[in-house]
Amino acid sequence: MARYDDTQRVIRTGQKYTVLDYVKIPFKAAPLATSIKALYRILNSFIPTIKVFITAAFVNDAIRVVRGEGSYVILLPAVCGFVLMTMFSRVSAAIINDFVNIRYDMKIYSKVQVEVIDIRSEMAYENVEDPATCLSELK
């Protein structure tokens, strides 16, 4: 008998898996860690674009300072924005790699690996009991 009932299972037996199932299984096994990883990937994909806008703002402000239309103080928001973007990308990568990925791997291993072992043990037991596949029944 299976260790879990069908409502708690992450892996379903007797069905064909699609690409969507490769997305659904991690969300079922570790919803918080998978959500954080997905949000990190989305935010991290916008960082290069934001850095381009910040660099453009810095260049525009630097040209205004050179022309004498402003002081050096107007450069500070662009510099701070660039520093914050760089800090976010470095610190978030460290946090994701150290904490979230470890938690994700632990959850996936504890849920999916147990179910895979259960499925394999059920298959082996079924094959032993089946007269067509049992070695002792062969003549």
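Residues numbered from 1 in each chain as written. Predicted model: local features only at pLDDT ≥ 70, side-chain atom pairs only at ≥ 80, totals over all residues. Heavy atoms only, no water.

Turning our eyes to something else, we now look at the overall build of the protein chain. Check the secondary structure of the protein chain and you find 3 helices and 0 strands. Seen in sequence order, the protein chain has helices and strands lined up from the N terminus as α-α-α. Considering the protein chain as a whole, with its 139 residues, one finds that 22% of them fall into the buried category. As displayed, the protein chain offers around 10600 Å² of accessible surface, 66% of which is attributable to carbon and sulfur atoms. (Helix = DSSP H or I, 4+ residues; strand = E, 2+ residues; numbered from the N terminus. Buried < 20%, exposed > 50% of the residue type's maximum accessible area, 1.4 Å probe, protein only. Areas by Shrake-Rupley, 256 points an atom, 1.4 Å probe, with all protein chains shown as cover.)

In the structure shown here, the tally under the stated rule is 2 salt bridges. Between Lys-24 and Asp-21 there is a salt bridge, with the nearest N and O atoms lying 3.6 Å from each other. Taken as a pair, Lys-24 and Asp-21 lie in helix α1 (residues 19-29) at a separation of 3 residues, close to a single helical turn. The buried category is assigned to Asp-21, whose relative accessible area is 9%. Among the salt bridges present, the one from Asp-61 reaches Arg-64, with a minimum N-O distance of 3.5 Å. Of the two residues, Asp-61 and Arg-64 are both situated in helix α2 (residues 31-67); the distance of 3 residues between them amounts to about one turn of the helix. (Salt bridge = Lys/Arg side-chain N within 4 Å of Asp/Glu carboxyl O.)

A word on a nonpolar patch on the surface. On the surface, Phe-58, Val-59, Ile-63, Val-79, Val-83, Leu-84, Met-87, Val-91, Ile-95 and Phe-99 cluster together into a nonpolar patch covering about 880 Å² of accessible area. Among the secondary structure elements, those contributing two or more residues to the nonpolar patch are α2 and α3 (76-129). Considering every element that reaches the nonpolar patch, the biggest residue donor is α3, with 7 residues. Relative to the helices and strands, Leu-84 resides in helix α3. According to the relative accessible area criterion, Leu-84 is exposed, its value standing at 51%. (Patch = residues over 30% accessible without salt bridge, like charges linked within 9 Å, V, L, I, M, F, W, Y side chains within 5 Å.)

Take α1 next. Side chains of residues three or four places apart in an α-helix project in the same direction, reflecting 3.6 residues per turn. Asp-21, Ile-25, Pro-26 and Ala-29 are the residues of α1 that are buried. End-on, the buried residues of α1 take up no more than an arc of 130°, which puts them together on one face. Residues of α1 that are exposed and angled more than 90 degrees away from the buried face: Val-19 and Leu-20. (Arc of directions from axis to C-beta.)

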